[in-house]
Amino acid sequence: MNNKQVFRDFLKYVSFNILGQIAYSCYTLADTFFVSADIGTNGLTALNLAFPVFCIISGAGLMIGIGSSSRFSILKSCDEPKAADQVFTNALILVLVFASLFFCSGVFASHHLVKILGADSQVFEITNLYLKVLMVFAPAFMLNHVLQSFVRNDGAPSLSMAAMITGSFSNIILDYLFIFPLRMGIFGAALATGLSPVISMLVLLPYFVKKKNGFHLTRPDPAQVKRNTGTILSNGTPPFLTEAASGIVMFLFNSIILRISGNVGVAAFGVISVISLVVIALYTGLSQGMQPLISQYHGAGKHGQVQILLRAALITSILLSLTIYAIIFFYTPQLVSVFNREQDLILAGYAVPGLKLYFMACPFIGFNIVLSTYYISINHPLPAQIISVLRSFFVLIPMAWFLSSLWGMTGVWLAYPATEILVFFFALTKKPCRTSEV
């Protein structure tokens, strides 16, 4: 296969996945926009307090989906269909286990989680209601991630994108319908979000009904379950941490901001967080677009094509970062006003400078996510795990506490770019691997 064809495939997969991920980020954009319009600052605060748990649910789905589908793609390239089917079956078993934990926690313990998340009496009830509904729908969120990942790695990225877009736009329509005409408030916002992955999976259903799928449910082989579980979780840890990092950042920053500036500060961070989800979605779409191709070429031993794809992804990441930060820098007041329908001057006073400082991290976020996914794609997850753990825990947490103690809210906003820059320099020391055990 010539280099032009490799590049055309790269553009196809990446464009489909970026569009799909942008659509997926509409889950939160729609909730934030309509809830802010209906409930105001308290609604924004409740969403931001509850959203870390949603990030963990989504991260668990991505962990299983990407961790298993990347392995599936390598086995498929090596012409091992039975082993590939075992990986798919094992992925569904893991979804059942993890989703059951989230579901039961939502039904029986959501109020305890809301206390841990820091909700005060002013926002406790609406936060608890929103969180409970999201956790009840955890099985749908996670299964949707897994099926989309396998469909994408099975050579149907356009269908995966269509499912994501359909689910996300249905969320927008249902958000408006439930919150305004039906007056269901924050419960309506949560219900609309929960129904979206169900609709997304309905779009994927004909792919299975018409038997176009190259992966199948099979009888679990006990000898393979342990090995596959370890491989899936190992490969899936970096995307889990990338997604969960958003939740960890929210939880950590919410705790610090509540101490510094109270609920209005948390609402301001809610504006930044929802924009951050769109930004992260762009980089996630890029990385997920390159992953099936790199896994396939790696499995086939075509390492020259693997390096071409990696270079293309890094260049695309740089171009994305320049575009994103230019939009944020020059249109900050307009972006904030979209989610500040009450025109709260204190909220705007926090959010406007916060956006410009927080998103100085853009080039480094893209570089770190692309490299993490690259290592997963070539079945070499350890460097990706180190990058992800540094971004999520070992650098971010002390950086946030240290900088906020020095400069208050300014330090809060600077903690994220400072973390990504330090991890970027670590990532530079890791040479991309040309080969790895299949």
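For the structure itself, look to the data block above.
No experiment lies behind these values; they were computed from the predicted model shown. (Residues numbered from 1 in each chain as written. Predicted model: local features only at pLDDT ≥ 70, side-chain atom pairs only at ≥ 80, totals over all residues. Heavy atoms only, no water.)

A. Region of interest: the overall build of the protein chain. Tallying secondary structure elements over the protein chain gives 15 helices and zero strands in all. For 438 residues, the compact-globule formula gives about 22 Å, and the C-alpha radius of gyration of the protein chain, at 21 Å, lands near that figure. Relative to its full complement of 438 residues, the protein chain shows a buried share of 59%. When the accessible surface of the protein chain is split by element, carbon and sulfur atoms take 70% of a total near 16,800 Å². (Helix = DSSP H or I, 4+ residues; strand = E, 2+ residues; numbered from the N terminus. Rg over C-alpha atoms; globule rule 2.2 N^0.38 Å. Buried < 20%, exposed > 50% of the residue type's maximum accessible area, 1.4 Å probe, protein only. Areas by Shrake-Rupley, 256 points an atom, 1.4 Å probe, with all protein chains shown as cover.)

B. Spatial organisation of unusual backbone geometry. With a phi close to 60 degrees, Asp79 is a non-glycine residue in the positive phi region. Its location among the elements puts Asp79 in the loop between helix H2 (41–77) and helix H3 (81–117). Overall, the relative accessible area of 64% leaves Asp79 in the exposed class. A positive phi angle, close to 55 degrees, is found at Arg183, a residue other than glycine. Within the secondary structure layout, Arg183 lies in the loop between helix H6 (157–179) and helix H7 (185–209).

C. Just the packing of helix H12 (residues 362–377) against helix H13 (residues 381–394), in detail. In the contact formed by H12 and H13, the axes pass within 7 Å of each other and the chain directions differ by 150 degrees. The angle between H12 and H13 falls in the class roughly antiparallel. Judged by the twist between their axes, the crossing of H12 over H13 is left-handed. Packed against H12, whose contacting residues are Ile365, Asn368, Ile369, Leu371, Ser372, Tyr375 and Ile376, the element H13 presents Pro381, Pro383, Ala384, Ile387, Ser388 and Arg391 at the interface. Among the residues making up the contact of H12 with H13, the classes are represented as nine nonpolar, three polar and one charged. (Axes fitted to C-alpha atoms, helices over the stretch in contact; angles between N-to-C directions. Parallel < 35°, antiparallel > 145°, perpendicular 65-115°, else oblique. Left-handed = near helix turned anticlockwise from the far one by under 90°. Contact = heavy atoms within 4.5 Å. Nonpolar A, V, L, I, M, F, W, Y, C, P; charged D, E, K, R; others polar.)

D. Highlighting the packing of aromatic side chains. Using the criterion set out here, one finds 26 aromatic pairs in the structure. The interplanar angle of 85 degrees and the centroid separation of 5.1 Å between the aromatic rings of Phe54 and Phe141 together place this pair among those described as edge-to-face. With Phe54 in helix H2 and Phe141 in helix H5 (residues 138–153), this residue pair connects regions lying 87 residues apart in the sequence. Exposure class is identical for Phe54 and Phe141. Each is buried. Ring geometry for Phe72 versus Phe215: centroids 5.9 Å apart, planes at 85 degrees, classification edge-to-face. Taken together, the residues span a long stretch of sequence, with Phe72 in helix H2 and Phe215 in the loop between H7 and helix H8 (222–299) at a distance of 143 residues. The pair formed by Phe72 and Phe215 is uniform in burial state, with each residue classed as buried. Here a set of aromatic residues connected by ring pairs shows up, and it is made of Phe72, Phe88, Phe150, Tyr207, Phe208 and Phe215. Across the ring face of Phe329, the terminal group of Lys356 is positioned such that the distance to the ring centre comes to 4.9 Å. (Phe/Tyr/Trp six-rings, centres within 6.5 Å; stacked < 30°, edge-to-face > 60°. Lys NZ or Arg CZ within 6 Å of the ring centre and 35° of its normal.)

E. Seen up close, the nonpolar core. By size, the foremost hydrophobic cluster in this structure holds 134 residues, and its most contacted members are Phe10, Phe253, Phe269, Tyr358, Phe359 and Tyr374. The element that contributes the greatest number of residues to this core is H8, accounting for 25 residues. Among all residues touching Tyr358, those that are not within four sequence positions of it are Val249, Phe253, Phe269, Ile272, Ser276, Trp413, Tyr416 and Pro417. (Core = buried A, V, L, I, M, F, W, Y, C linked by side-chain atoms within 4.5 Å.)

F. A look at a nonpolar patch on the surface. Together, Phe103, Val107, Phe108 and Val136 make up an exposed nonpolar region whose accessible area comes to about 350 Å². Of all the elements, H3 adds the most residues to the nonpolar patch, at three residues. Along the polypeptide, Val136 turns up in helix H4 (residues 124–136). (Patch = residues over 30% accessible without salt bridge, like charges linked within 9 Å, V, L, I, M, F, W, Y side chains within 5 Å. Salt bridge = Lys/Arg side-chain N within 4 Å of Asp/Glu carboxyl O.)

G. Structural view of the pattern of salt bridges. This structure, assessed with the given rule, holds three salt bridges. Between Arg183 and Asp38 there is a salt bridge, with the nearest N and O atoms lying 3.2 Å from each other. With Arg183 in the loop between H6 and H7 and Asp38 in helix H1 (residues 3–38), this pair connects stretches of sequence that are 145 residues apart. Overall, the relative accessible area of 56% leaves Arg183 in the exposed class.

H. Structural detail: helix H15 (residues 409–428). Relative to the 28 Å expected for 20 residues at 1.5 Å per residue, H15 spans 30 Å between its end C-alpha atoms, a close match to the ideal helical length. A bend of about 30 degrees at Ala415 is the largest found in H15, and the proline Pro417 appears one to four places after it. Restricting attention to buried positions, one finds in H15 the residues Met409, Gly411, Val412, Trp413, Ala415, Tyr416, Pro417, Thr419, Glu420, Val423, Phe424 and Ala427. (Expected span 1.5 Å × (residues − 1). Bend = angle between axes of the 7 residues up to and from the residue.)

I. Expanded view of the packing of H5 against H6. H6 packs onto H5 with a crossing angle of 155 degrees between their chain directions and a minimal axis gap of 7 Å. Considering the angle they form, H5 stands roughly antiparallel to H6. Listed contacts from H6 to Gln148, Val151 and Arg152 of H5 are Pro157, Leu159, Ser160, Ala163 and Met164. Of the residues contributing to the contact of H5 with H6, the split by class is five nonpolar, two polar and one charged.

Keep in mind these values describe shape, not function.
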